[in-house]
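# Geometric and topological summary
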Amino acid sequence: MSDQPQPQQPNQGWAPREPQGAAEPAAPQPGSPGPGVPEPGGKKPKRPRRTGWRRLIPTWRMVLGTFMIGVLLLIGLFYLGYSMVNIPPANALATKQSNVYLYADGSQLARDGEINRENVSLAQVSKDAQHAVLAAEDRDFYSESAIDPKAMLRAGWNTATGKGKQSGSTITQQYVKNYYLEQEQTVTRKVKEFFISIKLDRTQSKDRILEGYLNTSYFGRNAYGIQAAAQAYYGRDAADLDPARAAYLAALVNAPSEYDVVAHPENKAPALARWNYVLDGMVKKGWLTEAERTGLKFPMPKEQTASTGMSGQRGYIVTAIKDYLTKNKIVTADELEAGGYRITTTLQKSKQDAFVKAVNDKVMAKLDKKNNKVDNYVRAGGASVDPKTGKVVAMYGGIDYVKQYTNGATRGDFQVGSTFKPFVFASAVQNHSETQDRQVITPNTYYDGTNKRPVQGWSGGAYAPENEDQTSYGNVTVRTATDKSVNAVYAQMAVDVGPEKVKQTAISLGIPSSTPDLTATPSIALGVNTASVLDMAEAYATLANHGKHGVYTMIDSITKDGKDVVELPKDTNSQAISREAADTTTSILQSVVDNGTATAAQGAGRPAAGKTGTAEEDKAAWFAGYTPDLATVVSVMGQDPVTAKHKSLYGAMGLQRVNGGGPPAEIWAQYTKAALKGKPATDFDLQLQPGAEVTQPPPATGTPQQPGTGGQDNGGTTTTGGQGDQGQTQGQDNGGTTDGGTNTTGGTANGGTTGDPTTGGTTSDGGTTTGGTTGDPTDGGATGGTDAGGTDGGTTGTDTGGATTGGPAGPGLTRRQ
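Sequence order sets the numbering: in each chain, residues are counted from 1 along the sequence as written. In keeping with the model being predicted, local features are shown solely for residues with a pLDDT of at least 70 and side-chain atom pairs are shown and tallied solely at 80 or more, while totals for entire chains, interfaces and linings include all residues. Heavy atoms from the whole structure form the basis of all side-chain values; hydrogens and water molecules are not counted.

Another point: helix α7 (residues 226-234). Throughout, exposure labels follow a simple rule: accessible area from a 1.4 Å probe, protein chains only, divided by the maximum for the residue type, with under 20% read as buried, over 50% as exposed, and the rest as partly exposed. In this text, helices come from DSSP runs of H or I with a minimum length of four residues, and strands from runs of E with a minimum of two, each type numbered from the N-terminal end. Extensive coverage of α7 is indicated by the burial of eight of its nine residues. Looking at α7, one finds that the buried residues are I226, Q227, A228, A229, A230, A232, Y233 and Y234. Note on definitions: a residue-residue contact is assigned when non-hydrogen atoms from the two residues lie within 4.5 Å. Taken together, the buried residues of α7 touch β3 (116-117), α6 (206-216), β4 (223-224) and α8 (243-252). With its phi angle positive at about 65°, G235 sits one or two positions after the end of α7.

Turning next to a nonpolar patch on the surface. Each patch groups residues whose relative accessible area exceeds 30% and which form no salt bridge, using 9 Å between like charges and 5 Å between nonpolar side chains of Val, Leu, Ile, Met, Phe, Trp and Tyr. Each accessible area is a Shrake-Rupley estimate made with a 1.4 Å probe; only the visible protein chains count as cover when residues are assessed. Take a side-chain nitrogen of Lys or Arg and a carboxyl oxygen of Asp or Glu: if they are within 4 Å of each other, that pair is a salt bridge. Nonpolar side chains collect at one region of the surface, where W60, L64, F67 and M68 lie side by side and expose about 470 Å² of accessible area between them. As for its placement among the helices and strands, F67 is situated in helix α1 (residues 60-84). A residue is classified by how much of its surface remains accessible, and F67, at 54% relative accessible area, is exposed.

Turning our eyes to something else, we now look at the packing of aromatic side chains. The aromatic pairing rule takes the rings of Phe, Tyr and Trp, using the six-membered ring of Trp, and pairs them if the centres are within 6.5 Å, calling planes under 30 degrees apart stacked, those over 60 edge-to-face and the rest tilted. All told, the structure shown has 16 aromatic pairs when counted by the stated rule. Ring geometry for Y316 versus Y401: centroids 5.3 Å apart, planes at 85°, classification edge-to-face. Of this pair, Y316 sits in helix α11 (residues 314-327) while Y401 sits in the loop between β7 (392-396) and α14 (421-430), placing them 85 residues apart in sequence. Assigned by exposure class, Y316 and Y401 land together as buried. Centre to centre, the rings of Y324 and Y552 are 6.1 Å apart; their planes meet at 40°, and the pair counts as tilted. One end of the pair, Y324, is in helix α11; the other, Y552, is in the loop between β10 (548-549) and β11 (555-560), with 228 residues separating them in the sequence. Each member of the pair, Y324 together with Y552, is buried.

Helix span, as expected, comes to 1.5 Å for every residue beyond the first. For helix α9 (residues 268-284), with 17 residues, the first-to-last C-alpha span of 24 Å sits near the 24 Å given by 1.5 Å per residue. All buried positions along α9 are accounted for by A271, R274, W275, V278, L279, G281, M282 and V283. Check the buried side of α9 and you find it contacts α2 (127-137), α8 and α10 (290-294). G286 occupies a position one or two residues after α9 and carries a positive phi of about 85°.

Here we take up the packing of α2 against α9. The convention used is that axes are lines fitted to C-alpha atoms, helices contributing only their stretch in contact, and that angles between N-to-C directions extend from 0 to 180 degrees. The interhelical angle for the contact between α2 and α9, taken along N-to-C directions, is 105°, at an axis separation of 8 Å. One finds that α2 runs roughly perpendicular with respect to α9. Seen from α2, the contacting residues are D128, H131, A132, A135, A136 and E137; seen from α9, they are R274, Y277, V278, G281 and M282. Residues were grouped as follows: Ala, Val, Leu, Ile, Met, Phe, Trp, Tyr, Cys and Pro as nonpolar; Asp, Glu, Lys and Arg as charged; and all remaining residues, including Gly, as polar. Looking at side-chain class alone, the contact of α2 with α9 contains six nonpolar, two polar and three charged residues. In these notes the angle categories are as follows: under 35 degrees is roughly parallel, over 145 is roughly antiparallel, 65 to 115 is roughly perpendicular, and the rest is oblique.

Structure follows, in structure tokens:
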């Protein structure tokens, strides 16, 4: 043991206790560690707990941890999906089924579904065509990945915010959808598309994917793939496509049905806009120079594009039915393309055959295309509807679907002409309208039919329409103006009724509100709008059905894969206009057939009502007519087969002019007679508007014409021992007879007597006239009308039998019918 003192060891295992009730620790001495600083020995004190609102805010550790967990979860889900989703075999489109179309009796009308496709290698597609498709669908295809998250988010946002349903898919994704997957819009399909696209991008080259996309895309006209489309629209191979044609085919991929400018001429504007978009994209990417772009003109596709399986009327009908199904959201276009549908139509084979025969007999057989150039322009369209059911029982689309692709029954680019006039009169009766001088408009109301007469009461600017052939008719009744299709009368009537009301009546009858040029102006009466033949047939069927409107239908039933029944829209009949309005319109349209421009329709051999119409410059001639059992509209149109421009029909079929009372009415008569053969003829059961058969007073003489009234008519004749005015029954127009009897409008006319309008009755050769006094019309007196040109054994006289009482001068008088 050393005597040296040992160093003092630290306490081990014990320490002096704090005294009970000891005071709080003293404040740290200078130089001592503060709170949170490790004390000697390395032990860190606990962090003070957060209190109050600070507890609600996650710490940065919590945020970071959550983010890392989320990233790991997404990575895990991605690898899970990538491992679970495999590239499947080709979808059912490769072995696509046919759709079968049947007549109403169950006999087969047509069968489609044979895929029109010819696969080609990428080397067999011109560079211009490749670049056009890339410019239209995916300009960064070669530099981007298989998916484009930004585009997907942008498309989702635009769809969610109401900017239209958009696709954010790359070409790879579209190819996957076309070739490997079904077309349904589901989350599952989109997830599969996502993973398959990534795998495909890793296993196949960009060229191979583009080649597959070009061979599977649908371009319309039953053409699948760029090669079939090049042949279908331009009759050339895909290797020979130039920038202009390639850009149009690329534009079609976005909306094949809408952008086919031959099938839908009315959609040329949006198609042209899409074509320009593609070309601008090619310039932007350097695939086309500005100089080349500037010199390009829109390349109009050809018409003869359908397969022989769609020849004759079959192609027109099938196309119309597909449009009907998709428009009414019964079946989608993608579902139709998948096939497997059995569609029973409302078309009746016997009536369909009768329609074709009537057109062939009255038009096609009379064409001399070799020696008469204008005969090459002739087109025809027709539609026939059962007015009681709204079913389309026959439709004529053209001479042959493989020769003339555009459906003459459904196209909407030719003016309907005077076939629109009955809607103006129906609106007048429906709305209890009056002329400018406050007379209720009825079949016997008088109007001024003077050529180029300015309409009165219209604040939208001067409007003075021409009558056909510049003919002035003077004062005519509404019935006579309808017989002779007088534009001056109906333009004024449209103003009297109100153009907006006329437009609404037409829409209620069945004319689509979206019809081009269906504007609320006086010109609406002249039929400047371009409703289709089928639309007009629906509207006239409403008149035939006493004003009760049912939307036309072309489908009786549909089944899928022979068992699943597809639900069809329920019938929605409504009283579009009053029965009196419809039936009174029918009564004046009967007169058109009996006495007016449509006497050829009498060939049907049964009671009929109808109206002729002619488009501007005779580019189309119409007849719209009906019996109590059948409403049918026929149009003969002129169109250049090369440029697709509308052409006048002057000289066609060896005729000086082709108007509605000619070939269209003749077709109507032959078809209607055959279609209703064996069915007993029935008369119209009409309920006319109050006063429809009441003769209205003739106009005043020597007083200023009021708006909406007519002037003097110098064309009538009066003959001894017979009825005046061309032998027609003028008692209805004039309020009495002139056959040596009593003239109820003011006196007794005896064999063409002459009265002095200033004295009220003197004698002339042939007899006396009594009671023809003349008074001040403003004081309720009577005034005599004049009818120059009356004869009685060579003696010309003045008939002063007209009278107007209790008000301003009445509408104009005519002795012509």
